[in-house]
Amino acid sequence: MVTPVEPVAPGRDQVTSVLEAALAASRAEATEVVYVGSDDALTRFANNQVHQNVREHDTHLQVRVIDGGRLGVASTNRLDEDAIRDVVARAGAIAERAAPNPKLGPLPGPNTREAERDVGYVSATAEASPDRRAEGARAVIAAGAAENLIVSGSYATGTLAVAVANSSGLRAEHRTTHARLLTVMMDRLGGDAASGYANAASPDVSRIDAAAVGAEAADKAARSRGAIELEAGDYEVVLEEYAVATVLDYLGFIGFGALALEEGRSFMELGRRVMGENVSIWDDGTDPAGVPTPIDFEGVVKARVDLVRGGIATAVVHDSSTAHRAGTASTGHALPAPNLWGPLPTNLFMAGGDAPRSDLAAPIERGLWVTRFHYVNPVHAKRAILTGMTKDGTFLIENGRLTRPVLNLRFTQSIPEAFSEITAISRETRIVPSEYFGASRVPAVRVGRFSFTGVTAREGSG
Amino acid sequence: MQELIDRALDAAERGGASYADVRLVEREREELTVKNGALEAAASTRSAGFGVRVMVDGAWGFSASSLLERGEAERVARDAVDIARASRLALREAAVLDDTPPQSGSYRTPVAEDPFAVAMDEKLRLLLDADAGMARVAGVSVRESSFSAGRERKTFASSEGARVEQEIVETGAGLEAMAVNETEMQQRSYPQSGGQHVTGGFEAVRAMALPDHAERVAEEAVALLAAPQCPSGEMTLVLESSQVALQIHESCGHPTELDRVFGTEASYAGTSFLTTDKLGGFRYGSELVSIDADATAPGGLGTFGYDDEGVPAQRAPLVERGVLVGYLTSRETAPRIGRRSMGSARAWSWNRIPLIRMTNVNLRPGDAGSLDDLIADTRDGIYMATNKSWSIDDRRLNFQFGDQIGWLIRNGRLDRMVKNPTYTGITPRFWGGCDAICGESEWTLWGVPNCGKGEPGQVGHVAHGAAPARFRGVRVGVGRW
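Here is what the cut-offs are and how they apply
- Residues numbered from 1 in each chain as written.
- Chains lettered and ligands numbered in written order.
- Predicted model: local features only at pLDDT ≥ 70, side-chain atom pairs only at ≥ 80, totals over all residues.
- Helix = DSSP H or I, 4+ residues; strand = E, 2+ residues; numbered from the N terminus.
- Rg over C-alpha atoms; globule rule 2.2 N^0.38 Å.
- Buried ≥ 20, exposed ≤ 12 C-beta atoms within 10 Å, placed from the backbone.
- Contact = placed C-beta atoms within 7 Å.
- Core = buried A, V, L, I, M, F, W, Y, C linked by C-beta atoms within 7 Å.
- Axes fitted to C-alpha atoms, helices over the stretch in contact; angles between N-to-C directions.
- Parallel < 35°, antiparallel > 145°, perpendicular 65-115°, else oblique.
- Left-handed = near helix turned anticlockwise from the far one by under 90°.
- Nonpolar A, V, L, I, M, F, W, Y, C, P; charged D, E, K, R; others polar.
- Expected span 1.5 Å × (residues − 1).
- Arc of directions from axis to C-beta.
- Pairing = 2+ DSSP bridges.
- pLDDT = per-residue confidence, 0-100.

Asks: Sorry, what's going on with the overall build of chain A here?
Replies: Along its length, chain A carries nine helices and 17 strands. Taken over the C-alpha trace, chain A has a radius of gyration of 24 Å; the compact-globule value for 462 residues is 23 Å, and the two agree within 12%. Looking at chain A as a whole, 62% of its 462 residues are labelled buried. The contacts in chain A between residues at least 6 apart in sequence include a share of 73% that link residues at least 24 apart.

So, in structure tokens, the structure goes:
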């Protein structure tokens, strides 16, 4: 057994002094200093053994200055006095030479909302040892091995501390922890392998049930053996929470941010129906029912933003820049500067319905059950047409029962159109970590029509 | 810094490591983006740190820190050893490295004009000139022109006695025009989607001549709003070279990564249909298709002197006249197919382990002449240019790409422009249908600076040499429009 390494992150007092020193060193009209400290570890397994096992510690200081409407951003991962002076000077030097940007707004002032201190921080997660992660991996591997499966996955734990200070008087700080265990199980590496998937995520590592994650994926993979090829076409489907969370992530990228709306490339038209009346989607970075990240990278405390309520597009998320141009207030969804993406939601929720999850397939005469999607990308942003593959458990539904596993299919589908045809929503919801940043809490859904445009090949031959 | 490296290696060996390596990396980047006539993003970023990778009884451990201090070097090395011991709790087969001799040497990207030394005023003027060119076209809603440069200095040292120092310099630039109406958002980019990126200096940016292409790009973005939808059906497809590059990336580069083949990326990126039983006999494409991994190609984003295991840069064939003949390998994977690493283990930065990554994975030019020659040789079909969307399954078989623009080909000439062109296929069938590749004069080494892989995630900088090519019997216009 090994003991956890002592935390090496600087204390809160030290972070505060770094932020104040950077502010004091700046001569610009407006200055913002962002500290990001992280301590992350990840134990990765494949072929039923741990094959990669890593840990990293980093501290990052970013300075944004605005002077006469001119912007400069610089960053460093050193925190000594020389480095602080240097990073402020670099940001100032860029701003001196920059072309003025009339669209730049002021930095946000002191927060009007309060974030609960340390919501989303669990010391057991911050102190999780490599042995703890290895034991979790072993539990998952054991579940797969019992079904003669090839098991891969990863078990990550970590701490993220964000502190922001600016010359408009804003001071904000927060730290969160995250634990995430995922696994993919296959019956072989080549050919059209049967496969299953499961994951679990929480700020609290003690809430990760490795045996349950392993059992879910092993069951799915075992049931995926002997897949048949099904022709592409439109099918009634049940999308599990993993699949729902993935498409929600992409709606966030291409449509839920204010910049996408401002530039006319979002599918959202505020005040108009964009989905079925049974669909409500919101973002809330402070809700402990998700994986909270209560302040953004401008230090603004996140507001709950109702994006789609009863199928009507009601709002988008803002950072200080888009809010300034729209004449509203930031909702606390800024990404690190410089940010060309605009604000994004990273804590999405979709309202559960009244159907027991186990009943979702019951009325379907002939349809498909989709566990998750793989390698999704937008084909047409304005209509939110996405494409991607099904993966790790796709089943034919016949007369309400999952009868046969099927080869993975490619979908090409407008998501607002699909979400206008949701006929049932599970009352159970589940946290699903984003592939990129943040996590969602979503239900499983039954959709009346979903368009599949291709099927993968059974073998690699032409 | 030598003392930091020595202390880390000593601490790792004292802790029981049978192998250890240290990578000390300093990175700096500069990024400028002009949007709609104003400087939207301007950033200077710096990051430095070191990572220690150790093997204990055949189990791996890695730890990394941004604190460049001697005491921290020992702590991080001990941490890596502790992590490796934890890995032993779930170890079935000990890792074994190949017998690559320990290397000593250095490498620097050849640079004619240091991109960091060029005055910011000059860079901004170039971007603003490009912006002004796009602004001359009515109907463009968003204009972006961008420049970026990166410099990475890294030292690699191992317990086997290797010591390698490198300085890699990257430079990139590009422009994009967007036009929108009630139902469409259309965009055009130059030189390719996301710009062109190379290893080299500011001379590459000058050669792009961004302002000279600004007006055409903007006009095409606006014209696409009124263009008819790409038809659906099976057609002859001609691809512009940067789209061929991405096709290589997704359907040849990734599936020839030997770690994917062995299942060690299964939990994130997936596996590969190119299993090792296919090596030497599998028909991947037509006789015209020959693909090499070449880390020595001048100017490529995958060009270096040594990979991040200290293996010298090499050129290795992957597909020879349509047949699979090789893989991208590392010191741990190569011995399993009876080979020595061809030098494709690359790490994003100091805080990541090396994974098998593409270098410059290049399609050799063919004999179809120029793009004009190829179009003239095509009776009916469709020409697509500049990537917009990409997706491929976890074994790298079923793919679907969307491009920014298309033109129907009628009787050897480009006819009507079409919007939202897409195509889909199965990898070996698609490459099997390749019946023409343009020649050397059309061949470009396209940089891809956004290749994701691994957990925790790593961003790879790779490149693909490609010329326009023709593919028969391809399904285009996918989905309900």
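Asks: What is the right way to read the overall build of chain B from this model?
Replies: Within chain B one finds nine helices and 23 strands. Its C-alpha atoms give chain B a radius of gyration of 23 Å, within 12% of the compact-globule value 23 Å for 481 residues. The principal-axis extents of the C-alpha atoms in chain B amount to approximately 70 × 55 × 40 Å. Residues classed as buried in chain B amount to 62% of the 481 residues present. Intrachain contacts of chain B at a sequence separation of at least 6 include 76% that bridge at least 24 residues.

Asks: Can you walk me through the nonpolar core in this structure?
Replies: Proteins that are soluble and globular tend to have nonpolar side chains buried together. Grouped together as the largest cluster of nonpolar side chains are 290 residues, with contacts concentrated most on V244(A), A8(B), A12(B), V52(B), V54(B), A80(B) and L237(B). A per-element tally of this core places helix 6 (residues 241–254) of chain A first, with nine residues. Here A8(B) is in contact with V22(B), V52(B), A73(B), E74(B), V76(B) and A77(B), once residues within four sequence places are set aside.

Asks: Explanation requested: the packing of helix 4 (residues 130–145) of chain A against helix 5 (residues 210–223) of chain A in the structure shown.
Replies: Packed helices, taken two at a time, are described by the angle between their axes plus the distance between the axes. All names here are of chain A. Two numbers describe how helix 4 lies on helix 5: the axes approach to 8 Å, and their chain directions differ by 30°. By the angle between their axes, helix 4 is roughly parallel relative to helix 5. When you trace helix 4 past helix 5, the crossing you get is right-handed. Residues G136, A139, V140, A142, A143 and G144 of helix 4 form the contact with helix 5, whose own contacting residues are A210, A211, V213, G214, A215, A217 and A218. Across the contact of helix 4 with helix 5, the residue classes tally to ten nonpolar, three polar and no charged.

Asks: Just checking my understanding: could you explain unusual backbone geometry for this structure?
Replies: Leaving glycine out, the prevailing phi sign among residues is negative, and the prevailing peptide bond configuration is trans. Cis peptide bonds are those with omega within 30 degrees of zero, and the linkage from A337(A) to P338(A) qualifies with -5°. Counting through the fold element by element, P338(A) comes out in the loop between helix 8 (320–326) and strand 11 (348–350). Here the amide bond leading from E455(B) into P456(B) is cis, since omega sits at -10°, within 30 degrees of zero. When you line up the elements, P456(B) lands in the loop between strand 21 (444–453) and strand 22 (458–466). Phi at N148(A) takes a positive value of approximately 60°, unusual for a residue other than glycine. Tracing the backbone shows N148(A) in the loop between helix 4 and strand 4 (150–166).

Asks: Sorry, what's going on with helix 2 (residues 81–97) of chain A here?
Replies: Given 3.6 residues to a turn, an α-helix orients residues that are three or four positions apart in the same direction. Along its 17 residues, helix 2 of chain A runs 25 Å from first to last C-alpha, staying within 8% of the 24 Å computed at 1.5 Å per residue. Those residues of helix 2 of chain A not exposed but buried are I84(A), V87(A), V88(A), R90(A), A91(A), I94(A) and A95(A). The arc that holds every buried residue of helix 2 of chain A, seen down its axis, measures 155°, which confines them to one face. In helix 2 of chain A, the exposed residues that point more than 90 degrees away from the buried face are E81(A) and D82(A). Residues of helix 2 of chain A that are buried make contact with helix 1 (12–25), strand 2 (49–67) and strand 3 (70–76) of chain A together with strand 2 (38–56) of chain B.

Asks: Even after reading the chapter, I still don't get the interface of chain B and chain A, so can you show me in this structure?
Replies: The interface is formed by 77 residues belonging to chain B together with 84 residues belonging to chain A. Here the side of chain B that touches chain A takes twelve residues from strand 2 of chain B, the largest share from any one element. Its residues assigned to classes, the side of chain B that touches chain A shows 32 nonpolar, 28 polar and 17 charged. As paired strands, strand 2 of chain A and strand 3 (residues 59–65) of chain B are joined by four bridges and run parallel to one another. Bridged to E56(A) within strand 3 of chain B is A64(B).

Asks: How should I be thinking about the confidence of the model for chain B in this particular structure?
Replies: One rule of thumb: low pLDDT means the predicted coordinates there are not for detailed reading. Across chain B, the average pLDDT comes to 97, with 100% of residues at or above 70. At the level of chain-chain contacts, confidence expressed as ipTM amounts to 0.96, with global pTM at 0.96.

Asks: What's the story with the environment of I409(B) in this structure? I'm lost.
Replies: Residue and element names in this part refer to chain B. Secondary-structure assignment places I409 in strand 17 (residues 398–410). Placed 26 residues apart in sequence, I409 and Y383 show a C-alpha to C-alpha distance of 6.7 Å. The contact partners of I409, leaving out residues within four places of it in the chain, are V238, I375, T378, D380, G381, I382, Y383, L414 and D415.

Asks: Would you mind going over the sheet that holds strand 12 (residues 323–324) of chain B with me for this structure?
Replies: All names here are of chain B. In space, the four strands of this open sheet follow the order 12-11-10-15, with antiparallel pairing throughout. Two strands in the sheet have a free side with no partner beyond their single neighbour: strand 12 and strand 15 (361–363). The sheet contact formed by strand 11 (residues 315–320) and strand 12 spans two bridges and is antiparallel. Across the sheet, the residue bridging to E320 is V323, located in strand 12. Its contacts with the sheet place helix 6 (residues 241–253) against strand 10 (291–294), strand 11 and strand 15, and it is angled at close to 120° to strand 15.

Asks: Explanation requested: the pairing of strand 19 (residues 422–426) of chain B in the structure shown.
Replies: A regular strand places its side chains so that they alternate between the two faces of the sheet. Of all the five residues making up strand 19 of chain B, five are buried; the element is thus mostly covered by neighbouring parts of the structure. Residues T422(B), T424(B) and I426(B) of strand 19 of chain B are buried on one face, and the alternating residues Y423(B) and G425(B), pointing to the opposite face, are buried as well.

Asks: For this particular structure, what's the right way to read the confidence of the model for chain A?
Replies: Overall, the prediction assigns chain A a mean pLDDT of 94, with 97% of residues at 70 or greater. Low pLDDT (under 50) marks residues 1–8 of chain A, which in the prediction has 14 contacts with non-local residues, meaning those over four places away or in another chain.

Asks: So what exactly am I meant to see when it comes to the packing of helix 1 (residues 2–14) of chain B against helix 2 (residues 70–87) of chain B here?
Replies: Residue and element names in this part refer to chain B. Contact geometry for helix 1 and helix 2: axes closest at 8 Å, N-to-C directions at 30°. With respect to each other, helix 1 and helix 2 are oriented roughly parallel. As helix 1 packs across helix 2, the resulting crossing turns out to be right-handed. Of the residues in helix 2, those in contact with E3, L4, R7, A8, A11 and A12 of helix 1 are R70, A73, E74, V76, A77, R78, A80 and V81.

Asks: Whenever I open this one, helix 6 of chain A confuses me. Can you help?
Replies: Between its terminal C-alpha atoms helix 6 of chain A stretches 20 Å, which fits the 20 Å expected from 14 residues at 1.5 Å a residue. Most of helix 6 of chain A sits out of view: 13 of its 14 residues are buried.

Asks: Sorry if this is basic, but what is going on with the pairing of strand 22 of chain B here?
Replies: All names here are of chain B. Burial analysis of strand 22 places seven of its nine residues in the buried class, the great majority of the element. Across eight bridges, the pairing between strand 21 and strand 22 is antiparallel. Residue pairing for strand 22: L445 is matched across the bridge by G465. The hairpin formed by strand 21 and strand 22 contains four residues between the paired strands, and G454 there has a positive phi angle of roughly 90°.

Asks: Would you explain the environment of R315(B) in this entry?
Replies: All names here are of chain B. Within the secondary structure, R315 is located in strand 11. What makes R315 partly exposed here is the crowd of 15 C-beta atoms within 10 Å. Each C-alpha atom of the pair R315 and V361 lies 9.4 Å from the other, and the pair is 46 residues apart in sequence. Other than its neighbours up to four places away in sequence, R315 contacts D292, D294 and T296.

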